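Secondary and tertiary structure notes
Residues per chain are reported as follows:
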Amino acid sequence: MSAKHLFFQSQVSQIETSYGKAEAEELIYRLIDAYFDKTRLEYWDLTQTNLDLESPEIKNIFAQAINRLLQFEPVQYIVGHTFFLDYKLDVSPAVLIPRQETEELVAMIIANEKENRGLKILDIGTGSGCIPIALSSELDCKEVIGLDVSNDALEVAKANAQTNKSSVEFRNLDILSEEIPKSTFDIIVSNPPYVLESDKKAMDKNVLNYEPGLALFVPDDSPLKFYIAIAEKSLAALVEGGRLYFEIHEKFGRKIKSLMEQMGYLKVEIHQDIFLEKDRMVSGIKG
């Protein structure tokens, strides 16, 4: 067995009991990509012979990473970055790790808005900045702003915008107690907290113990408080015909659609995710 096989199998074996073989292998490939700057194909390429698998530095880096994986820390936090669509983003425990559902939300907005020019876009609860960075890069935008209540999250978002050469402006704002600063947006988008406190008992340790609860959880007795606040305040902040886009909890699609219609939004639609076909997005137009 080659040195590469021995190294790979030794890493997998240390976490296989905790994660299962398939997931353990995927996690080790993530570490290889981060620490060797090699894809799995490049790692196994027979012509790649310059990897010093026995160096003390490599052994120490992987030992530390394995220890953190055994504590169920997300691999994205361990390596310090993740990918959102085609964008590499720094992540830390100050921000949520972007999910596939959010990628689908952004892809839907891009498809809907790609013919429009000079767009003014606002993202509420921006976290890592993944939504406004992707939209500002993929659409013809005049202005893009990301809001978040967490200054630590905003620092991560600003760094990501700089890395991706994106001109997004970031501001601190608590949407529950403050007004949206402008009233000329074509698009407002939000992936607000929507996980119920009662759902904690069913959540994986890597989410519950490491990702920021501020960006995840809402009380069981007011699960839609962010949607109500954002939808109400967006009526004053959107131009006529402006579009509001939400990522949602699968349980509340009909309720969010109903409240938006009651507020006067037009053409309110529920959109399902691609793979599980669950209600995960809602969109509407300001009349």
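This text follows the structure it describes.
Every value quoted in this text rests on a predicted model; they were computed, and no experiment measured them.

1. Considerations on the overall build of the protein
- Across its full length, the protein holds 11 helices and 11 strands.
- Its C-alpha atoms give the protein a radius of gyration of 21 Å, within 12% of the compact-globule value 19 Å for 287 residues.
- When the 287 residues of the protein are sorted by exposure, 49% land in the buried category.
- A separation of at least 24 residues holds for 62% of the contacts in the protein among residues at least 6 apart in sequence.
- Accessible surface, the protein as shown: approximately 14200 Å² in total, 49% of it carbon and sulfur.
- Seen as two clouds, the 31 positive and the 46 negative side-chain charges of the protein have centres 2 Å apart.

2. Quick look at the side chain of Asp 273
- Position of Asp 273 among the secondary structure elements: in the loop between strand E10 (265-272) and strand E11 (279-286).
- The side chain of Asp 273 sits in the buried core without any salt bridge; Arg 280 is the nearest counter-charge, 5.2 Å away.
- A polar contact of 2.6 Å, which involves the side chain of Asp 273, links it to the backbone nitrogen of Leu 276.
- Among the polar contacts made by the side chain of Asp 273, one reaches the main-chain amide nitrogen of Glu 277 at a distance of 3.2 Å.
- Filtering out sequence-adjacent residues up to four positions away, Asp 273 remains in contact with Glu 104, Lys 278, Arg 280 and Met 281.

3. Quick word on the sheet that holds strand E3 (residues 119-124)
- Strand order in the open sheet formed by 7 strands is E5-E4-E3-E6-E9-E11-E10, and the pairing between neighbours is mixed. Unpaired on one side and paired on the other, strand E5 (169-172) and E10 mark the two borders of the sheet. Here the strands of the sheet are splayed against their neighbours by 15° on average, with no regard to which way each runs.
- Bridge count between E3 and strand E6 (residues 185-190): 4 bridges; the pairing is parallel. Note on E6: the bridge partner recorded for Asp 123 is Val 189.
- Running at roughly 155° to strand E9 (residues 238-247), helix H6 (residues 100-113) makes contact with E3, E6, E9, E10 and E11 of the sheet.
- Running at roughly 170° to E10, helix H11 (residues 253-263) makes contact with E9, E10 and E11 of the sheet.

4. Topic: the pairing of E10
- As paired strands, E10 and E11 are joined by 6 bridges and run antiparallel to one another. Each bridged residue has a counterpart across the sheet, and for Leu 266 the counterpart in E11 is Ile 285.
- What sits between the antiparallel neighbours E10 and E11 is a turn of 6 residues, in which Glu 277 has the positive phi angle 55°.

5. Brief notes about unusual backbone geometry
- One non-glycine residue, Phe 72, adopts positive backbone phi at about 65°.
- Note on placement: Phe 72 falls in the loop between helix H4 (56-70) and helix H5 (75-79).
- Phe 72 sits in the partly exposed class, given a relative accessible area of 23%.

Conventions we followed
Residues numbered from 1 in each chain as written. Predicted model: local features only at pLDDT ≥ 70, side-chain atom pairs only at ≥ 80, totals over all residues. Heavy atoms only, no water. Helix = DSSP H or I, 4+ residues; strand = E, 2+ residues; numbered from the N terminus. Rg over C-alpha atoms; globule rule 2.2 N^0.38 Å. Buried < 20%, exposed > 50% of the residue type's maximum accessible area, 1.4 Å probe, protein only. Contact = heavy atoms within 4.5 Å. Areas by Shrake-Rupley, 256 points an atom, 1.4 Å probe, with all protein chains shown as cover. Lys, Arg positive; Asp, Glu negative; His and termini not counted. Charge placed at Lys NZ, Arg CZ, Asp CG, Glu CD. Salt bridge = Lys/Arg side-chain N within 4 Å of Asp/Glu carboxyl O. Polar contact = N/O pair within 3.5 Å; in protein donor to acceptor, adjacent residues only side chain to side chain. Pairing = 2+ DSSP bridges. Axes fitted to C-alpha atoms, helices over the stretch in contact; angles between N-to-C directions.

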